[in-house]
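Overview (structure and organization)
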Amino acid sequence: MGVSSLISSLENAALCDQVAQMQENLMLVKEERLFLLRKLCQQQGDIDPSTMIARSQSNSINPSSFNPECSTPKKTAKKRASTDGSETKNKAKRYNKTARKVVQLIPLDVHGRPIFPISLGDLTVYSLGEVVSDRIAYHTEDLIYPVGYCSTRVYANLRDVRTKSLYTCKILDGGPKPRFEIVSDNDLDQPLVGSTPDECHSKLLMAISLALRTIAPKGADFFGISHPTIQNLIQSTPGTRKLAMYKQQRFEVSKNQPMERGTSPVMEEETDPGLGFAALHRHYALANSYRIKEEPSDSDLLALQELLS
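Where an unreviewed UniProt entry is consulted, the protein chain appears under the name Transforming growth factor beta regulator 1 isoform X2, with the organism given as Bombus vosnesenskii. As its UniProt record puts it under Subcellular location (unreviewed entry), the protein chain is described as follows: "Nucleus".

1. Observations concerning the side chain of Q248
Note on placement: Q248 falls in the loop between α6 (228-235) and β8 (251-253). A distance of 3.2 Å separates the side chain of Q248 from the side chain of Q235, its partner in a polar contact.

2. What about the nonpolar core?
In this structure, Y155, I182, F223 and I230 are the most contacted members of the largest nonpolar core, which totals 38 residues. Among the elements that take part in this core, helix α4 (residues 197-208) stands out by supplying 4 residues, more than any other. Ignoring anything within four residues of it in the chain, the contact list for F223 reads L123, Y149, S151, C169, K170, I171, F180, E181, I182, P197 and C200.

3. Examining the pattern of salt bridges
In total, this model carries 9 salt bridges according to the counting rule given. Residue R135 pairs with D134 through a salt bridge whose shortest N-O separation is 3.7 Å. Given the relative accessible area of 63%, D134 is considered exposed. Between D173 and R135 there is a salt bridge; the shortest N-O distance is 3.0 Å. Note that D173 is positioned in the loop between β5 (164-172) and β6 (179-184) and R135 in the loop between β3 (123-127) and β4 (150-156), a separation of 38 residues in sequence.

4. Describing the confidence of the model for the protein chain
Taken over all residues, the pLDDT of the protein chain has a mean of 77, while the share at 70 or more is 65%. Mean pLDDT values for the elements of the protein chain range from 47 in helix α3 (residues 74-92) up to 98 in β6. Contacts of residues 258-266 to residues separated by more than four positions or lying in other chains number 14 contacts, the stretch itself having pLDDT below 50. In the predicted structure, residues 286-294 sits below a pLDDT of 50 and forms 18 contacts with residues beyond four places in sequence or in another chain.

5. Some thoughts on α4
The first and last C-alpha atoms of α4 sit 17 Å apart over 12 residues, in line with the 16 Å expected at 1.5 Å per residue. Taken together, the buried residues of α4 touch β4, β5, β6, β7 (187-194) and α5 (219-223).

6. Some words on unusual backbone geometry
The omega torsion across F116 and P117 is 0°, close enough to zero to call that bond cis. Residue position: P117 is located in the loop between β1 (101-103) and β2 (118-120).

7. As for empty space enclosed by the protein
Under the counting rule described, the total for this entry stands at 2 cavities of 30 Å³ or more. Along the walls of the second largest cavity sit D142, L143, I144, I225, Q231, I234, Q235 and Y246, which together make up its complete lining. In terms of residue class, the lining of the second largest cavity is built from 5 nonpolar, 2 polar and 1 charged.

8. As for the packing of aromatic side chains
Across all of its chains, the model carries 4 aromatic pairs by this definition. Aromatic side chains Y155 and F222 sit 5.8 Å apart centroid to centroid with 90° between the ring planes, which places their arrangement in the edge-to-face category. With Y155 in strand β4 and F222 in helix α5, this pair connects stretches of sequence that are 67 residues apart. Accessibility assignment for this pair places Y155 and F222 in one class, buried. The rings of Y145, F180 and F223 are connected pair by pair, giving a single aromatic cluster. A cation over an aromatic ring shows up here: R153 above the ring of F222, its NZ or CZ 5.4 Å from the ring centre.

9. Considering the sheet that holds β5
One open sheet accounts for 6 strands, arranged β2-β3-β4-β5-β6-β7; its pairing is antiparallel. Looking at the sheet topology across the chains shown, the edges are occupied by β2 and β7. The average angle at which neighbouring strand axes cross in this sheet is 25°, direction not considered. Sheet analysis places β4 next to β5, joined by 7 bridges and oriented antiparallel. Each residue of the ladder has a partner; that of S151, found in β5, is C169. Sheet contacts for α4: β4, β5, β6 and β7; angle to β7, the most-contacted strand, approximately 130°.

Thresholds, definitions, all that
- Residues numbered from 1 in each chain as written.
- Predicted model: local features only at pLDDT ≥ 70, side-chain atom pairs only at ≥ 80, totals over all residues.
- Heavy atoms only, no water.
- UniProt positions renumbered as here; feature names shortened; annotations may be inferred.
- Helix = DSSP H or I, 4+ residues; strand = E, 2+ residues; numbered from the N terminus.
- Polar contact = N/O pair within 3.5 Å; in protein donor to acceptor, adjacent residues only side chain to side chain.
- Core = buried A, V, L, I, M, F, W, Y, C linked by side-chain atoms within 4.5 Å.
- Buried < 20%, exposed > 50% of the residue type's maximum accessible area, 1.4 Å probe, protein only.
- Contact = heavy atoms within 4.5 Å.
- Salt bridge = Lys/Arg side-chain N within 4 Å of Asp/Glu carboxyl O.
- pLDDT = per-residue confidence, 0-100.
- Expected span 1.5 Å × (residues − 1).
- 1 Å grid on protein atoms, 1.4 Å probe; cavity = no way out; pocket = protein on both sides within 12 Å on 5 of 7 lines; lining within 4 Å.
- Points joined across faces, edges and corners; volume = space filled by probe spheres on them.
- Nonpolar A, V, L, I, M, F, W, Y, C, P; charged D, E, K, R; others polar.
- Phe/Tyr/Trp six-rings, centres within 6.5 Å; stacked < 30°, edge-to-face > 60°.
- Lys NZ or Arg CZ within 6 Å of the ring centre and 35° of its normal.
- Pairing = 2+ DSSP bridges.
- Axes fitted to C-alpha atoms, helices over the stretch in contact; angles between N-to-C directions.

Shown next as structure tokens:
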């Protein structure tokens, strides 16, 4: 009897070890699954992460059910389920209920990270920066102002509106409030500074010509932080869940194929004179009596060259 009881005890101990190991493995698999779901939501953009994770949690198997010593009464389980449901509803309320924004497919590296620079027409983004979650002025309900964000945009020259100039847009750490800068490649020592993107954009328009004072400033668009593709990337960076006022935007991936560098579909900058060089030339005349003209196309230049030769 002593040997039998010893063997039985050893078998029970082995079974307990197997159950404990299985429980640990299930917990690891569950954590990996939730992590992959979050990454999937961030990459696709058209899925509500909180709903997806809550659904996976409700459908996943509770590892404690394999351990008789850790069984949970039904009342406790119901209470926990109701608590999780309320938390999910509260998180869902932070999502913006506006229409989904379409994001463009961009090149990614082997780790799924975007390859910089990101070219979107006249806008080129070189860095997304870092989200500041401990200062309220570094975000609004609809926008995030990450410190270190850097982009460039082609627009009219400060000295000669008929020619192009490359402007560098930066978001810097200004203490309690962010510092926004627009710097022309022709005037590197004279940045246009403001406490908001609109203030910077307004200063730029006025500096180019007083005739542009009628254009409503769109600083977030000029910087590129409101572009759906860029905003989706910023929203996917760490720290956005801690922002007090920001409402998560909803995105969906464009059905078009990935674009080659330097190409983009028709965007607002092609029709808005405050954002696009060509649009500015099409719509506005300057106060000194000459009209801004579009640059000749390549075919026009070739025809002119043949005519002169």
